[in-house]
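Below, each chain spelled out in residue letters.
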Amino acid sequence: MCGIVGYVGARDCTQVLLDSLAKLEYRGYDSAGIAVLDNDVITTCKAQGRLANLEERIRQQGGIKGHCGIGHTRWATHGEPSDINSHPHGNAVVSIVHNGIIENYKTLKERLEKKGYTFISQTDTEIVAKLLDYYYNGDPIEAIRKTEARIEGSYALGILFRDFPNTIYSIRKDSPLIVAKGDGEAFIASDVPAILKYTKEYYLLESGEIAILHEGVASFMTLDGDPIEKELLVANWDMEAAEKGGYEHFMLKEIHEQPTAIKTTIAPRIVDGMPDIEECGVTLQMLKNFNNIFVVACGTAMHAGIVGKYVIEKLARVSVTVDVASEFRYRNPILSPDDLVILVSQSGETADTKEALRLSKDRGAKTLAIVNVKGSSIAREADYVLYTHAGPEISVASTKAYMVQIAVFYLIAFELAYAKGQIDEDECRRLTKELSSVPKFIDVILAQKDNCQYVASKLVNAENLLYIGRGLDYALSMEGSLKLKEISYIHSESYAAGELKHGTISLVTDQMPVIAVVTQRDLFDKTISNVKEVKARKAQTFIVTHQYINIDDDVADYKIGIPTIDDMLMPMLAVVPLQLIAYYTSVLRGNDVDKPRNLAKSVTVE
Ligand code: F6R
């Protein structure tokens, strides 16, 4: 979603802002802009579309000189993508960039109009800029404080006041913002990758705190004006992690990073061959005593939860309910202090997941977050956190984050099954060892990726597609289908293979390719029967299954064979071809793989 950057220091501010915005491109955006304060003048430049458009416009303007400025990539919520709706917003006196949503903007707008203000954009952000202007009488903090008291919703703001050279003000509520510290320079950013080129040291701004970046030095205060000492954090991601490193796209790079991500995520949680997640504060005893487990998340993270459900239920015999966060919030869930709610999120900032967490806590349930981004809101607010160590995921389509989320679910399932006495120590050790062997098998699949390229070449002209599977294979089909549709723009559905006959098979023709995931050997014959049913209706069929299993030509047009491990762990292998098929199909269709249309990396609005 929207990205914020800001810079005060000796460097050429425009260049720093553009560099930093480029690092936030992955969040998804449809327009961009900057405002630079120099010699008592705020110069603004904005452009719809990619950053290249903004760069070109700045060049046409003859460049923008200065050492203090703010920048923004906008993902439209209020008002269409356009030059006018792009940030920064403001006037000659005050200029702002904003992430989040101002919920009471209509009321505020009416009031400001009565006071003679006119509005040129359709955004909620312009209201904040005008409100700051209205309250400003020479004291920026007073204007910020009064504005803050009027606005409702979520916001992270970067603010320039014409009368205060070399100074950026910032405040936030429910939208993340970091303040980074360089050598005689300071930055604001909505996300760590934006500042990695310049520094790794940063502070997390908390809701209700004001940051003042003056002459390259950051200081903090409460809304009442009391100074705050903040802990300086050091990012453990490096620039390389946020660069493509020779790959054509971040998505391909991140697919290849999966073996390492799994190792980094599980190694610290395997002690003497046994799973051990106690580091997060959840002991074996606690794990055993939870009455119900809920998994709540969105999109791909929710799909990881579905794999978690199958595995926990199968091994530990504990029932698990998986909810889409936007539904969970409003279905008045029945929760008690004996329940565990697991929130899964790569970014740790997804609005619906965050609200589901707050609701669960309000109702007394214990909350465990499986999160990738350190210090993110969900990680900080949950009772317990298990970080996934995937490193920064830049491509909008999630791959390595999903992989490590399911790796964590396996550890939870093994430990819970052992705690419940459903598996003995030998079995727990065996499963944990199998899990540790996954990375080397993924390397084997990655070495054969031309199989997936071939399948992509067969799918490239399809308009509709079906993914089918049973059990864990069905859970995986959901993720395969989402991955394909979000980056290739081909309509696809995932279906429980046995459910097809109950309606959907009427769609199957020679124009409806079907990808079947068939890794669960106890369900093999049943799924193959379903594949035969679609084949009989002339569908082109592609099967992802064990390498050693032969599939007759009259069943599958093409087979992707993958190595064999315990069936329970097969999703970790089978998802890789599904990711690669989606990737290559998107490439062949000439799409912007890492930044698919209409999508944002971190969905911070409801
Ligand atoms: C799809 C994808 C999304 C996210 C979803 C949740 O590839 O990435 O479906 O999984 O928006 O995001 P997080 O995990 O950040 O909460």
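The present account deals with the structure reproduced in this document. Given the structure is predicted, the values throughout are model-derived calculations rather than measurements.

Some points on the overall build of the protein chain
Tallying secondary structure elements over the protein chain gives 18 helices and 27 strands in all. Radius of gyration (C-alpha) of the protein chain: 25 Å, near the 25 Å computed for a compact globule of 606 residues. The 606 residues of the protein chain split such that 61% are buried.

Quick look at the packing of helix H1 (residues 13–23) against helix H2 (residues 51–60)
Contact geometry of H1 with H2 gives a least axis separation of 11 Å together with a crossing angle of 170 degrees. Accordingly, the angle class assigned to the pair H1 and H2 is roughly antiparallel. Contacts between H1 and H2 involve Thr14, Leu18, Leu21 and Ala22 on the former and, on the latter, Leu51, Leu54, Glu55 and Ile58. Here the residues of the contact of H1 with H2 sort into 6 nonpolar, 1 polar and 1 charged.

Some details on the sheet that holds strand E2 (residues 31–38)
Across the sheet, which stays open at both edges, the 8 strands sit in the order E3-E2-E4-E1-E10-E9-E11-E15 with antiparallel pairing between neighbours. Two strands lie at the open edges of the sheet, namely strand E3 (41–48) and strand E15 (233–234), each paired on one side alone. Bridge count for strand E9 (residues 178–181) against strand E10 (residues 186–189) is 4 bridges, and the pairing is antiparallel. The residue of E10 that forms the bridge with Lys181 is Ala186. Against the sheet, H2 touches E2 and E3, its axis set at about 135 degrees to E3.

A word on helix H11 (residues 351–362)
Counted at 1.5 Å a residue, the expected span for H11 with its 12 residues is 16 Å, and the 16 Å between its end C-alpha atoms agrees. Within H11 the residues assigned to the buried category are Ala351, Asp352, Thr353, Lys354, Ala356, Leu357, Arg358, Leu359 and Ser360. Each element contacted by the buried residues of H11 is listed here: strand E18 (293–297), helix H10 (325–328), strand E20 (340–345), strand E21 (366–371) and helix H12 (377–381). A positive phi of about 90 degrees marks Gly364, the residue just after H11.

Description of the site of the ligand
Near the ligand you find 13 residues, and of these Ser345, Gln346, Ser347, Thr350 and Glu486 are the closest. A distance of 2.9 Å separates an oxygen atom of the ligand from a polar atom in the backbone of Ser398. Contacts to the ligand include Lys483, whose side-chain N or O atom sits 2.8 Å from an oxygen atom. Protein chains shield 90% of the accessible area of the ligand, which is 410 Å² for the free molecule. Every element with two or more residues in the shell around the ligand is listed here: helix H9 (299–316) and helix H16 (472–488). Here the element with the most residues in the shell around the ligand is H9; it accounts for 3 residues. Its residues placed into classes, the shell around the ligand shows 4 nonpolar, 7 polar and 2 charged.

Analysis parameters
- Position labels on residues start from 1 in each chain and follow its written sequence.
- Local features are withheld for residues below a pLDDT of 70 in this predicted model, meaning they are given only at 70 or higher, and side-chain atom pairs are given and counted only at 80 or more; totals for whole chains, interfaces and linings count all residues.
- Processing note: side-chain calculations cover all non-hydrogen atoms of the structure and skip hydrogens and water entirely.
- Helix numbering and strand numbering both begin at the N terminus, where a helix is a DSSP run of H or I of at least 4 residues and a strand a DSSP run of E of at least 2.
- For a compact globule the rule gives 2.2 Å times the number of residues to the power 0.38, and the radius of gyration it is set against comes from C-alpha atoms.
- Accessibility here uses a 1.4 Å probe with only protein chains present; expressed as a share of the type maximum, an area under 20% marks a residue as buried, one over 50% as exposed, and anything in between as partly exposed.
- Axes, fitted as lines to C-alpha atoms, cover a helix only where it is in contact. Angles between the N-to-C directions of the axes lie from 0 to 180 degrees.
- Just so you know how the angles are binned, under 35 degrees is roughly parallel, over 145 roughly antiparallel, 65 to 115 roughly perpendicular, and the rest oblique.
- Here, residues are in contact when the closest pair of their heavy atoms is within 4.5 Å.
- The residue classification treats Ala, Val, Leu, Ile, Met, Phe, Trp, Tyr, Cys and Pro as nonpolar and Asp, Glu, Lys and Arg as charged. All others, Gly included, are polar.
- In this analysis, strands are considered paired if DSSP registers two or more bridges between them.
- For a helix, the expected span equals 1.5 Å multiplied by the number of residues minus one.
- Distances are taken per atom, and a residue is near a molecule or strand as soon as one of its heavy atoms is within 4 Å of it.
- The term polar contact refers here to a pair of N or O atoms within 3.5 Å; inside protein, the definition further demands a hydrogen-donor-capable atom paired with an acceptor-capable atom, and it admits residues adjacent in sequence only when both atoms are side-chain atoms.
- Only the protein chains shown count as covering a residue, and every accessible area follows the Shrake-Rupley method with a 1.4 Å probe.

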